[in-house]
Amino acid sequence: MIDVVVLLCGVIGVALLTEAAWTMRRSVQEGGDTTAVVAKAVHIAMAASLCGALGLTAILIFAVGH
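Small disclaimer: the values here were computed from a predicted structure and weren't measured.

Student: So, the overall build of the chain: which residues are in play, and what are the values?
Tutor: Of regular secondary structure, the chain possesses two helices and zero strands. With an accessible surface of roughly 4800 Å², the chain has 75% of that area assigned to carbon and sulfur atoms.

Student: Explain a nonpolar patch on the surface residue by residue, including any values.
Tutor: The grouping of M24, V38, V42 and M46 at the surface amounts to a nonpolar patch, some 320 Å² of accessible area in total. Per element, the largest residue contribution to the nonpolar patch is three residues, and it comes from helix 2 (residues 35-65). Summarising the element assignment, V42 is placed in helix 2.

Student: Hey, could you go over helix 2 for me, with residue numbers and the actual values?
Tutor: Residue pairs spaced three or four apart in an α-helix point in one direction, given the helix's 3.6 residues per turn. Between its first and last C-alpha, helix 2 extends 45 Å over 31 residues, near the 45 Å set by a 1.5 Å rise per residue. Buried residues of helix 2: A41, I44, A48, C51, G55 and A58, and no others.

Student: I'd like a rundown of the nonpolar core, residues and numbers included.
Tutor: Listed in full, the six residues of the largest apolar core are L16, A20, A41, I44, A48 and C51. Listing elements by their share of this core, those giving two or more residues are helix 1 (2-30) and helix 2. Top element by residues in this core is helix 2. It accounts for four residues. For I44, the residues in contact, after removing those within four places along its chain, are L16, E19, A20 and T23.

Student: Go over the environment of M46 with me, naming the residues and quoting the values.
Tutor: Mapped onto the elements, M46 comes out in helix 2. With a relative accessible area of 52%, M46 lands in the exposed category.

About the criteria used
Residues numbered from 1 in each chain as written. Predicted model: local features only at pLDDT ≥ 70, side-chain atom pairs only at ≥ 80, totals over all residues. Heavy atoms only, no water. Helix = DSSP H or I, 4+ residues; strand = E, 2+ residues; numbered from the N terminus. Areas by Shrake-Rupley, 256 points an atom, 1.4 Å probe, with all protein chains shown as cover. Patch = residues over 30% accessible without salt bridge, like charges linked within 9 Å, V, L, I, M, F, W, Y side chains within 5 Å. Salt bridge = Lys/Arg side-chain N within 4 Å of Asp/Glu carboxyl O. Expected span 1.5 Å × (residues − 1). Buried < 20%, exposed > 50% of the residue type's maximum accessible area, 1.4 Å probe, protein only. Core = buried A, V, L, I, M, F, W, Y, C linked by side-chain atoms within 4.5 Å. Contact = heavy atoms within 4.5 Å.

If you want it as structure tokens, here you go:
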């Protein structure tokens, strides 16, 4: 069960980081007002970090519990 949680958190985190990178790249290519796009990318990256932290927390809880 812990493997599934860690894998899911990792996959979601990587997907969100990839989306944030593409959002930043698109904003640079379009050349428009990038403030809102950068803010969106930062929020996406923060969500990815939260997913990663959740996965690490699950690992620690599992390791301490056994």
